[in-house]
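Results of the structural survey
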Amino acid sequence: MTLALYPGTFDPVTNGHLDIANRSASLFDQLIIGIYQSPPKRLLFTIEERVDLMTRAVASLPNVQVRPYTGLTVTFARSLGAQAIVRGLRMSSDFEREFEMALMNKKLAPDLELVCLMASLEFQFLSSTLLKEVAELDTELKEFVPPHVAAALRRKFHTGG
Ligand code: ADP
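In this report, we go over the structure that sits alongside the text. (Residues numbered from 1 in each chain as written. Predicted model: local features only at pLDDT ≥ 70, side-chain atom pairs only at ≥ 80, totals over all residues. Heavy atoms only, no water.)

1. Looking at the overall build of the protein
Heads up, the rule is: Secondary structure counts use DSSP, requiring at least four H or I residues in a row for a helix and at least two E residues in a row for a strand, with both numbered from the N terminus. Computation of the radius of gyration draws on C-alpha atoms, with the globule rule given as 2.2 Å multiplied by the number of residues to the power 0.38. Relative accessibility thresholds used throughout: buried, under 20% of the residue-type maximum; exposed, over 50%; partly exposed, between the two (1.4 Å probe, protein chains only).
Summing up its helical and strand segments, the protein has six helices and five strands in all. Going from N to C terminus, the protein has its helices and strands arranged as β-α-β-α-β-α-β-α-β-α-α. Compactness check: the protein gives a C-alpha radius of gyration of 15 Å against a globular reference of 15 Å for 161 residues, within 12% of the reference. Expressed as lengths along the three principal axes of its C-alpha atoms, the size of the protein is roughly 45 × 30 × 30 Å. Considering the protein as a whole, with its 161 residues, one finds that 48% of them fall into the buried category.

In structure tokens:
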């Protein structure tokens, strides 16, 4: 059985993330989406909220599970028995950072393979950071996120939830 870990902050999950999750779910027997609890950046959503938003977003994918984690991603991947870590690559922003992390991870866990999927054309410029900036301006979000994520963003920015 092939098992892969798709790790990230997912603050919040976007259609770009879901595109990668969908495509990975058809490549591997099982996919675990790992939500990193406390990255060194300011977050809008709590770990419970990020897990809940992602869980609802992938509810229709039977071989996908969502789990929070702390510590090193490779340690979490090993504890799951994963053979691969999946990441999404956008043309402009991700390559150098992913390459650096991949080399470090390869040192720490030589047996774990990194699988990078190219972001689809329509999601190349979609990031959680940009999404939060436009969400604050009360714009239409349905192109970028599932409806329940758009509702959660509206609550955060416009009703103080
Ligand atoms: P991290 O803080 O680990 O970069 P993110 O939640 O920002 O976490 O992203 C998780 C993963 O999804 C990363 O591999 C990132 O490159 C990828 N990703 C982010 N946005 C997109 C997108 N629009 N299309 C495809 N992959 C994406």
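More follows now that the structure is in view.
2. Some thoughts on the site of the ligand
Here is the rule we go by: Each residue is tested against the molecule or strand, and it is near if at least one of its non-hydrogen atoms lies within 4 Å. Polar contact is defined as a pair of N or O atoms within 3.5 Å, subject to the rule that within protein one atom must be able to donate a hydrogen and the other to accept it, and that residues adjacent in sequence are counted only when both atoms are side-chain atoms. To measure how exposed things are, a 1.4 Å probe is used in the Shrake-Rupley method; for residues, cover is taken only from the protein chains shown. Charged means Asp, Glu, Lys or Arg here, nonpolar means Ala, Val, Leu, Ile, Met, Phe, Trp, Tyr, Cys or Pro, and polar covers whatever is left, Gly included.
With respect to spatial proximity, 18 residues lie near the ligand, and among them Tyr6, Thr9, Phe10, Gly88 and Leu126 are the closest. Within the side chain of Asp94, one N or O atom sits 3.3 Å away from an oxygen atom of the ligand. When the ligand is considered free in solution it has 550 Å² of accessible area, and contact with the protein chains removes 92% of it. Classifying every residue of the shell around the ligand gives seven nonpolar, five polar and six charged.

3. Brief notes about the packing of helix H5 (residues 128-135) against helix H6 (residues 147-158)
We count it as follows: Geometry is summarised by axes, namely lines fitted to C-alpha atoms with helices restricted to the contacting stretch, and by angles between N-to-C directions that run from 0 to 180 degrees. Roughly parallel means an angle under 35 degrees; roughly antiparallel means over 145; roughly perpendicular covers 65 to 115; every other angle is labelled oblique. By convention the crossing between two helices is left-handed if the near helix lies anticlockwise of the far one by an angle smaller than a right angle, and right-handed if it lies clockwise. We call two residues contacting when some pair of their heavy atoms lies within 4.5 Å.
Viewed as axis vectors pointing N to C, H5 and H6 meet at an angle of 55 degrees, and their least axial separation amounts to 10 Å. Relative to H6, the element H5 lies oblique. Once H5 is placed against H6, the crossing between them reads as right-handed. Contacts between H5 and H6 pair Leu131, Lys132 and Ala135 from the former with Leu153, Phe157 and His158 from the latter. The residue inventory of the contact of H5 with H6, partitioned by class, reads four nonpolar, one polar and one charged.

4. Looking at the packing of aromatic side chains
What counts is decided by this rule: By convention, a stacked pair of Phe, Tyr or Trp rings (six-membered ring in the case of Trp) has centres within 6.5 Å and planes under 30 degrees apart, an edge-to-face pair has planes over 60 apart, and any other such pair is tilted.
Tallied over the full model, the rule gives four aromatic pairs. Relative to Phe10, the ring of Tyr6 has its centre 5.2 Å away and its plane inclined at 75 degrees; by these criteria the two rings are edge-to-face. In this structure an aromatic cluster arises from ring pairing among Tyr36, Tyr69 and Phe76.

5. Re the packing of helix H2 (residues 47-57) against H6
At a closest axis distance of 10 Å, the pairing of H2 and H6 adopts a crossing angle of 155 degrees. In terms of orientation, H2 lies roughly antiparallel with respect to H6. Across from Glu49, Leu53, Arg56 and Ala57 in H2, the residues of H6 making contact are His148, Val149, Ala152 and Lys156. When grouped by side-chain class, the residues that make up the contact of H2 with H6 number four nonpolar, one polar and three charged.

6. Thoughts on the nonpolar core
How we decide: Nonpolar cores were defined as sets of buried Ala, Val, Leu, Ile, Met, Phe, Trp, Tyr and Cys residues, with membership established by side-chain atoms within 4.5 Å.
Counting residues in each nonpolar core, the largest one holds 33 residues, and the members touching the most others are Tyr6, Leu31, Ile33, Ile35, Met54 and Val58. Contributing elements (two or more residues each) for this core: strand S1 (3-8), helix H1 (15-27), strand S2 (30-36), H2, strand S3 (64-69), strand S4 (84-89), H5 and H6. Here this core gets five residues from one element, more than from any other, and that element is H2. With near-sequence residues (within four places) excluded, Val58 lies in contact with Leu18, Ile33, Val64 and Val66. By size, the runner-up hydrophobic cluster in this structure holds twelve residues, among which are Leu3, Leu5, Ala82 and Ile85.

No statement about biological role is implied by the geometric values presented.
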